[in-house]
Amino acid sequence: MAFDRISIALSSGAFTLPSAGEIVLMRPTGPLPEVLTGTGRLCVVQSFRPAHDTYLGAGLRVVTEPPAKAAATLIEIGRSRALNRQMIRTAAAMTDPGGIIALDGAKTDGVEGNLKSLRLAGIAPETLPKAHGRAVWFANQPGLADDLPEGDIDPPEGFHTAPGVFSAEKIDAGSALLGDHLTSLRGDGADFGAGWGYLSQRVLEHESVRSLDLIEAEKRSLDCAARNIRDPRAHLIWADATAHQGGPYDFIVMNPPFHTSRRAEPALGQAFIRNAARCLTRKGALWMVSNRQLPYEETLSECFQRVERLAEQGGFKLFVARAPR
Ligand SMILES: C[S@@+](CC[C@H](N)C(=O)[O-])C[C@H]1O[C@@H](n2cnc3c(N)ncnc32)[C@H](O)[C@@H]1O
């Protein structure tokens, strides 16, 4: 459930939501509690396509960018410190003066650090410690955004990235390794989980590639890819790669995600492999890198007639799988 701790604080009357105006929810994941949906005045900010579509399907107003104005803003603290900081500053800039801003996060995601930054900016938030984390809430003050830390990042040289996107500050070593091993790519291809476009750029170095679909679920990453890749053969597609119906492609490259939370979820990468097999031509090839310990071999053999291990290096393994079954 999203906003578990805030929901407890609201239900116990520790604080209340405004009786008018939009209540903005920043990057929630999972079902929303009745204490929020019951207001009928929610605006969900979610740029990760599967979660975005789930909230849309539940009849909520969903946007990919924060709105200009909010009566109250609730933030689900996530794994990226820079993105958390950016969301809190954005909330301070858009929430009405006196309007509630509330955070809900686990200690492992750094909610204590966010609380400290608020105190340093002169705010005395109320808090509810719960389940190895904390709900934090306070009334917004004019000018607060300027006193809060920025979500700064230092992108790899020559590239544009953003807080919270995969490998925002360095080229991923696994993607770089796969880029070095790609040979004889030709025709129409796709990059499943294209991120900010590093691997796609390596693919487009091959002149015999006719087109490349960049399939990525996180719109903020795709927006970075749009700035990094200025090649007319590239097409940006904001979609869930496990459900995308495209192609048929002559080749697909991928460095699949293996978690949406802190836990490894090999099922996600396996779903990427299965859909890649569906989207390839009969002679098509899947080029893939993964962390060495992830169990993808069985799924690859289930889905493809020929599977070749290209390399194993630096904690990664590379495969090319040909001829989907
Ligand atoms: C390991 S990163 C690889 C990024 C990029 N290809 C690179 O090499 O740097 C995996 C990417 O998959 C994206 N992703 C996660 N779940 C997805 C899904 N269901 N559909 C499409 N992309 C997804 C993530 O946002 C992330 O950008």
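The structure presented is a predicted model; accordingly, all values stated were derived computationally and were not measured. (Residues numbered from 1 in each chain as written. Predicted model: local features only at pLDDT ≥ 70, side-chain atom pairs only at ≥ 80, totals over all residues. Heavy atoms only, no water.)

## Looking at the sheet that holds strand E13 (residues 304-313)
Within the open sheet, the seven strands sit side by side as E10-E9-E8-E11-E12-E14-E13. Their pairing is mixed. Since the sheet does not close on itself, it has two edges, and those belong to strand E10 (234-238) and E13, each with one partner. Put simply, the sheet's adjacent strands are angled 15 degrees from each other on average, direction ignored. Here strand E12 (residues 280-291) pairs with strand E14 (residues 316-324) via seven bridges, running antiparallel. Across the sheet, Leu286 pairs through a bridge with Ala321, a residue of E14. Contacts between helix H9 (residues 219-228) and the sheet are confined to strand E9 (209-216) and E10, with E10 contributing the most and set at about 165 degrees to the helix. Packed onto the sheet, helix H10 (residues 266-279) meets strand E8 (187-192), strand E11 (249-254), E12, E13 and E14 and runs at close to 155 degrees relative to E12. (Pairing = 2+ DSSP bridges. Helix = DSSP H or I, 4+ residues; strand = E, 2+ residues; numbered from the N terminus. Axes fitted to C-alpha atoms, helices over the stretch in contact; angles between N-to-C directions. Contact = heavy atoms within 4.5 Å.)

## Regarding the environment of Leu60
For Leu60, the location among the structural elements is in the loop between helix H3 (49-57) and strand E3 (61-63). Owing to a relative accessible area of 18%, Leu60 belongs among the buried residues under this scheme. Considered as a pair, Leu60 and Gly40 are 20 residues apart in the sequence and their alpha carbons are 8.6 Å apart. Setting aside anything within four residues of it in sequence, one finds Leu60 in contact with Leu32, Leu42, Val44 and Tyr55. (Buried < 20%, exposed > 50% of the residue type's maximum accessible area, 1.4 Å probe, protein only.)

## Overview of unusual backbone geometry
Residue Pro248 is reached from Gly247 by a cis peptide bond, and omega for that bond is 5 degrees. Assignment of secondary structure puts Pro248 in the loop between E10 and E11. The backbone of Ser167 sits at a positive phi, close to 50 degrees, despite the residue not being glycine. With respect to the secondary-structure elements, Ser167 resides in the loop between helix H6 (144-147) and helix H7 (173-181). Ser167 gets classed as buried once you look at its relative accessible area, which sits at 14%.

## Digging into the site of the ligand
For the ligand, the set of nearby residues contains 16 residues, the closest of which are Ser175, Gly193, Glu216, Asp240 and Ala241. Take Ser175: an N or O atom from its side chain is 2.3 Å from an oxygen atom of the ligand. The contact in question runs from an oxygen atom of the ligand to an N or O atom on the side chain of Glu216, over 2.6 Å. Within the complex, the protein chains bury 93% of what would otherwise be the 600 Å² of accessible surface of the ligand. Tallied by class, residues from the shell around the ligand come to nine nonpolar, four polar and three charged. (Near = heavy atom within 4 Å. Polar contact = N/O pair within 3.5 Å; in protein donor to acceptor, adjacent residues only side chain to side chain. Areas by Shrake-Rupley, 256 points an atom, 1.4 Å probe, with all protein chains shown as cover. Nonpolar A, V, L, I, M, F, W, Y, C, P; charged D, E, K, R; others polar.)

## Some thoughts on the sheet that holds strand E7 (residues 133-139)
Read across the open sheet, the seven strands follow the order E3-E2-E1-E4-E5-E7-E6; overall the sheet is mixed. On the outer flanks of this sheet lie E3 and strand E6 (126-130), each paired with one strand and no other. The average angle at which neighbouring strand axes cross in this sheet is 15 degrees, direction not considered. Relative to strand E5 (residues 100-106), strand E4 (residues 72-76) runs parallel, the two sharing four bridges.

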